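Chain residues, written in single-letter form:
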Protein chains: 2
Amino acid sequence: MPVATRPLAGSDARKRSAPAHSPIRVALLGCGTVGSSFAHLVQQPSRGREVVITHALVRDRRQLRPSLNSAADVIDEWHTLFDAEPDVVVELLGGLEPARTIVRAALQRGIAVVTANKSLLAVHGAELRSIAAKTATPLLFEAAVMAGVPFLGTFARRPHASAITGLGGIVNGTSNYLLTRARDERCGILEALADAQALGLAEPDPSKDLDGVDAAEKLVVLLQQFGRFDVALSELETEGITYVTPDDLARARTLGGTIKPVIHADWSHDLHAFAAPAFVADTDLLASVDGGENALTVRGTHGRLVFRGPGAGAGVTAATVLDDVLEASRPAAQSTFTPLRSARVAAPDTPWFIQLSAGRLPEPVEIADLLASHGVFVQRSTVDGAGSRFSAITLTCTRRRIEAAMRACRAAAGCQTVLFRAVEGSRHGR
Amino acid sequence: MPVATRPLAGSDARKRSAPAHSPIRVALLGCGTVGSSFAHLVQQPSRGREVVITHALVRDRRQLRPSLNSAADVIDEWHTLFDAEPDVVVELLGGLEPARTIVRAALQRGIAVVTANKSLLAVHGAELRSIAAKTATPLLFEAAVMAGVPFLGTFARRPHASAITGLGGIVNGTSNYLLTRARDERCGILEALADAQALGLAEPDPSKDLDGVDAAEKLVVLLQQFGRFDVALSELETEGITYVTPDDLARARTLGGTIKPVIHADWSHDLHAFAAPAFVADTDLLASVDGGENALTVRGTHGRLVFRGPGAGAGVTAATVLDDVLEASRPAAQSTFTPLRSARVAAPDTPWFIQLSAGRLPEPVEIADLLASHGVFVQRSTVDGAGSRFSAITLTCTRRRIEAAMRACRAAAGCQTVLFRAVEGSRHGR
């Protein structure tokens, strides 16, 4: 299809009703790894309506960008971005600003927005969804969580499938890759990270992957979508993986499980959630999600659904963004958002994976008695290192209670303690 | 919302552009288990636009149907069905006729159709998709495969996610339940069936579940959707589960796997597919899909995606049908079908799970030699029953070759043989 003669931009902001044979005019924000991959992909033989990048906002205009078509206007100031009246703004800048300001402005003008920016959605999701709803403008973000697995938009369109009361999963591929490698190679997380960076499997700055913030942001987005909750990221129990040792992984194995970077939420009564590395039994399906793979389980009226697949990667993210662009450009496409409700989130009661170590520990039965006197009951335990190490999975209890019990152990037995959450094994197979 | 004063039906058949606040007028075909569940569900507090059943087509008008609202017109002749100009026809009759005739007539009139009828789609899918495309009318069938897991409509809307070259899975819950029960209780399939029927977990007439036709029909629908193939059901290698014995399951276990009712297809080169019970290694994710659960794996450019969840049940099917009704009623909703291409489907080369038994079998090494002389190579094997039973998984070969080798074994050793396909274990965890 010739693109030299572009259709004249009308004065009506609702370009989604433009004729289906004209190309979709995209303003691209950000031309990093995913942005370049997207720019490359739109120039491949079309699998749907043709897409043309008319403007690309970049940090440095002088830097060469071979992936962009020559017709694209490369700019480093966003104020002229809407002059050419794009059909869709694709936001791949990442971070909060200027992403928030530009996305707000686009939605207020009735210009559809596609973004893969989980940070933006986690912090400003309620505001952006509200503007999109008011102006009936599509705001799509399939690539923000499990970029390679289409499910978010599906649930947004299907209210009966979305009668969900809880979810769990592994949504950060980098931390899952590092824990898998640390387990299999019996090495430390930072050593695994160095290998992963050398292989191009981890970002140059992986801090949000390591400290659990990336997973927590995705959890907030999922809580917006499935529970209509507006939750503050800072209120969510969030822990990273850097302090997980090869020894923790080995001990988890002796208890029939491993440690995975888990997100968990349940709102069948009050809302409880966390994002943290947790003990997962080998019989749980999350235990088999290894390397960079992601998985999400949602629980509702009709049982449990599982979505599983590649979590990230520039190619798959770009393809998902492009599918969102096509979706946003359908005739009469509009947002399907209903208002979020502001919600408090508490840390859930769970079983715990505990480890005690000392030169000489008390007998296991004495440890179990001491724990029981603080209301913590041992489900199963192992002892190794000639009696110097005690590891156990407890029954479900509050964080306050397990922490008091750990303090008591340290005081009474002079031991060191390590504490992880454990997630309940799925009853329905792996 | 009051429904007594219905909006006047306009002369325009395109009711999808009716104002979003008016109820969606549904003509319901069939009021069996799923139909009754659907009729009940639309009277619950609304999760989307209100839905009203204006007409219900049934076999016997005199039979009481307490699930229907009193305003619904109960008819047993379909010719008056379109007089009231419904927005959506919901087809839950099952079978080919009169379903085909009515669905054709509706689509030709531009009336959206929602169906859960996999038989209809497997046999007349190409024709119905073509009419829907020509008249730009929605034809939705999310409930036809893995009724509880929304994925078909998602891929239909997302051309880049749909760059798929193969799939595999378990899509018949009844046969999976029966094989799971036969394995765990060490009983025969028919005994398991009697138990399942007593518990209401199997249809009164489960023949399509038992003989593999239900799974084969779903595979044809998936080939239409993911490969754009128009494949004749009769050309698909289809086998049922009735001949699977507790002994087969026990022997599969000694080889580190089990037998599952599998569908499989690959079109990275030519199209190959089958629907049959097959050996699945314990390390494959399908091995853990037990009971009535379903799972589907799709493989494409960006890796492997897995969708898993409840396969059937009246409640979940009705909810999925209702979500399709809402989807079909969105402003400017229309079919997204591109034409199917007529295709031949061949049976694939796979590994095989073979069993030989006789009063006295030759030594395993002699059996392996005999098989090798026919170009069949043993991957791993076990011998039990004091040397009277030999079980093995072979390397990949053609059906012709394995059958010739089995004949040679029967002739040379006077033994009985049993043959199943084996699916390759997934390399990426379970």
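Here, every reference points to the structure presented above.
Parameters at a glance
- Within each chain, residue numbers correspond to sequence positions counted from 1 in written order.
- The lettering of chains begins at A and the numbering of ligands begins at 1, in the order of writing.
- Side-chain atom pairs in this predicted model are given and counted only at pLDDT of 80 or more, local residue features only at pLDDT of at least 70, and totals for whole chains, interfaces and linings cover all residues.
- As a convention, hydrogens and water are excluded, and side-chain values are obtained from all of the structure's heavy atoms.
- Being paired, for any two strands, means DSSP has found at least two bridges between them.
- Helix and strand definitions here come from DSSP, where helices need a minimum of 4 consecutive H or I residues and strands a minimum of 2 consecutive E residues; each element is numbered from the N-terminal end.
- Any two residues having at least one pair of non-hydrogen atoms within 4.5 Å are treated as being in contact.
- Interaxial angle, 0 to 180 degrees, is taken between N-to-C directions of lines fitted to C-alpha atoms, where a helix line uses only the stretch in contact.
- Only protein chains enter the accessibility calculation, which uses a 1.4 Å probe; a residue whose area is less than 20% of its type maximum is buried, one above 50% is exposed, and one in between is partly exposed.
- A right-handed crossover is one whose linking path, passing over the helix from the first strand to the second, runs clockwise when the strands point away from the viewer.
- Salt bridges, as used here, are contacts in which a Lys or Arg side-chain nitrogen is within 4 Å of a carboxyl oxygen on Asp or Glu.
- Counting of polar contacts relies on pairs of N or O atoms within 3.5 Å, with two restrictions inside protein: one atom must be capable of donating a hydrogen and the other of accepting it, and residues adjacent in sequence are counted only when both atoms are side-chain atoms.
- Ten residue types, Ala, Val, Leu, Ile, Met, Phe, Trp, Tyr, Cys and Pro, are classed as nonpolar, four, Asp, Glu, Lys and Arg, as charged, and the remainder, Gly among them, as polar.
- The span one expects for a helix is its residue count, reduced by one, times 1.5 Å.
- The superposition of copies rests on a least-squares fit of C-alpha positions from residues with pLDDT of 70 or more in both.
- Roughly parallel refers to an angle under 35 degrees, roughly antiparallel to one over 145, roughly perpendicular to one between 65 and 115, and oblique to any angle outside these ranges.
- Note on convention: the crossing is left-handed when the near helix lies turned anticlockwise from the far helix by less than a right angle, right-handed when the turn is clockwise.
- One axis is fitted to the seven residues ending at the residue and one to the seven starting there. The bend at that residue is the angle between these axes.

Draft legend 1. Quick look at the sheet that holds strand β4 (residues 88-91) of chain A. Residue and element names in this part refer to chain A. If you walk across this open sheet you meet the six strands as β3-β2-β1-β4-β5-β6, and the pairing is parallel. Strands with a single pairing partner mark the edges of an open sheet, and in this sheet they are β3 (73-75) and β6 (139-140). Both strand β1 (residues 24-29) and strand β2 (residues 51-57) contribute to a ladder of six bridges, which runs parallel. Bridging across to β2, V26 finds its partner in I53. Sheet strands in contact with helix α1 (residues 33-41) are β1, β2 and β4, and its direction is about 160 degrees off that of β1.

Draft legend 2. Structural detail: the pairing of strand β5 (residues 112-115) of chain A. Residue and element names in this part refer to chain A. Here β5 shows two buried faces, one formed by A112 and V114 and the other by V113 and T115. One crossover worth recording links β4 to the parallel β5 by way of helix α2 (residues 99-108), and it is right-handed. Bridge count for β5 against β6 is two bridges, and the pairing is parallel. Directly across from V113, in β6, lies its bridge partner L139. Crossover β5 to β6 through helix α3 (residues 118-134) is right-handed.

Draft legend 3. How the structure looks around the interface of chain A and chain B. Each partner contributes residues to the interface: chain A has 43 residues there, and chain B has 43 residues. Counting across the chain A and chain B interface gives seven salt bridges. For D324 of chain B, the salt bridge goes to R158 of chain A, with nearest N and O atoms at 3.0 Å. Our count for the contact surface shared by chain A and chain B stands at 17 residue pairs in polar contact (both at pLDDT 80 or more). Of all the secondary-structure elements, those providing two or more residues to the side of chain A that touches chain B are α4 (152-157), β13 (303-310) and α10 (314-328) of chain A. If you tally residues by element for the side of chain A that touches chain B, the top one is α10 of chain A, at nine residues. When its residues are assigned to classes, the side of chain A that touches chain B shows 19 nonpolar, eleven polar and 13 charged. Across three bridges, β13 of chain A lies against strand β13 (residues 303-310) of chain B in antiparallel orientation. Residue V306 of chain A lies in a different strand from β13 of chain B, and its bridge partner there is R308 of chain B.

Draft legend 4. Inspection of the side chain of T320 of chain A at higher detail. Inspection of the secondary structure assignment puts T320 of chain A in helix α10. Each residue touching T320 of chain A, except ones within four places of it in the same chain, is listed here: E142, A143, A147 and G148 of chain A together with R158 of chain B.

Draft legend 5. Molecular detail of helix α8 (residues 213-227) of chain A. All names here are of chain A. The end-to-end C-alpha separation of α8 is 20 Å, in line with the 21 Å expected for 15 residues at 1.5 Å each. Burial within α8 is extensive, with 14 of its 15 residues counted as buried. Looking one or two residues past α8, R228 carries a phi angle of roughly 55 degrees, positive in sign.

Draft legend 6. Layout of the sheet that holds strand β4 (residues 88-91) of chain B. Residues and elements named next belong to chain B. In spatial order, the strands read β3-β2-β1-β4-β5-β6; together these six strands make up an open sheet with parallel pairing. Sheet topology places β3 (73-75) and β6 (139-140) at the edges, where each strand pairs with a single neighbour. Of the pairings in the sheet, the one linking strand β1 (residues 24-29) to β4 comprises four bridges and is parallel in character. Pairing of L29 across the sheet is with E91, part of β4.

Draft legend 7. How the structure looks around the pairing of strand β5 (residues 112-115) of chain B. When β4 of chain B meets β5 of chain B, the two strands line up parallel, connected through four bridges. For V88 of chain B, the partnering residue across the bridge sits in β5 of chain B and is A112 of chain B.

Draft legend 8. How the structure looks around the relation of the copies chain A and chain B. Superposing chain A onto chain B takes a rotation of 180 degrees combined with a translation of 0.0 Å along the rotation axis, leaving an RMSD of 0.0 Å. Those values place the two copies in the arrangement expected of a two-fold rotation axis. It is F307 of chain A whose C-alpha, among those of chain A, lies nearest the rotation axis, at 2.5 Å. Interface residue correspondence from chain A to chain B reaches 100%, placing this contact among same-surface, isologous pairings.

Draft legend 9. Examining unusual backbone geometry more closely. A cis amide bond links E97 of chain A with the next residue in sequence, P98 of chain A, at an omega value of 5 degrees. The phi dihedral of E85 of chain A is positive, around 50 degrees, even though this residue is not glycine. Of note, E85 of chain A is situated in the loop between β3 and β4. Its identity as a non-glycine residue notwithstanding, R228 of chain B has a phi of 55 degrees, on the positive side. Relative to the helices and strands, R228 of chain B is located in the loop between α8 (213-227) and β8 (229-230).

Draft legend 10. Fine view of the environment of V316 of chain B. In this structure, V316 of chain B sits in helix α10 (residues 314-328). Note on V316 of chain B: relative accessible area 7%, which makes it buried. Taking the C-alpha atoms as reference, V316 of chain B lies 22 Å from A216 of chain B; in sequence the two are 100 residues apart. The contact partners of V316 of chain B, leaving out residues within four places of it in the chain, are H302 of chain A together with A147, G148 and P310 of chain B.

Draft legend 11. Molecular detail of the packing of helix α3 (residues 118-134) of chain B against α8 of chain B. Residues and elements named next belong to chain B. In contact at an axis separation of 7 Å, α3 and α8 are set at 25 degrees when each is read in the N-to-C sense. Here α3 lies roughly parallel to α8, going by the angle between them. Pair α3 / α8 crosses with left-handed handedness. Facing α3, whose interface residues are K118, S119, L121, A122, G125, A126 and R129, α8 presents D214, E217, K218, V220, V221, Q224 and Q225. Residues belonging to the contact of α3 with α8 are distributed by class as follows: five nonpolar, four polar and five charged.

Draft legend 12. Fine view of α3 of chain A. All names here are of chain A. Along its length, α3 shows its largest kink, about 85 degrees, at H124. Among the residues of α3, K118, S119, L120, L121, A122, H124, G125, L128, R129, I131 and A132 are the ones counted as buried. Against the buried residues of α3 lie β4, α2, β5, β6, α7 (207-210) and α8. Two or three places before S119, at the opening of α3, N117 has a side-chain oxygen 3.2 Å from that residue's backbone nitrogen. Just beyond α3, the residue with positive phi is A136, at close to 50 degrees.

Draft legend 13. Quick peek at the pattern of salt bridges. Residues and elements named next belong to chain B. One pass over the full model with this rule turns up 47 salt bridges over all chains. The partner of K208 in a salt bridge is E217, and the shortest N-O contact between them spans 2.8 Å. Note on K208: relative accessible area 36%, which makes it partly exposed. A relative accessible area of 4% means that E217 is categorised as buried. K260 serves as the salt-bridge partner of D290, at 2.7 Å between the closest nitrogen and oxygen.

Draft legend 14. Fine view of the environment of L340 of chain B. Residue and element names in this part refer to chain B. With respect to the helices and strands, L340 occurs in the loop between α10 and β14 (341-342). C-alpha of L340 to C-alpha of T394: the two residues are 54 residues apart in sequence and 36 Å apart in space. Setting aside residues no more than four positions away along its own chain, L340 makes contact with A126, R129, Q224, R228, F229 and D230.

Draft legend 15. Structural detail: the side chain of D214 of chain B. Residue and element names in this part refer to chain B. Take D214: it is sitting in helix α8. Under the relative-accessibility criterion, D214 is labelled buried at 9%. Apart from residues no more than four positions distant in its own chain, D214 is found in contact with K118, V171, N172, K208 and D209.

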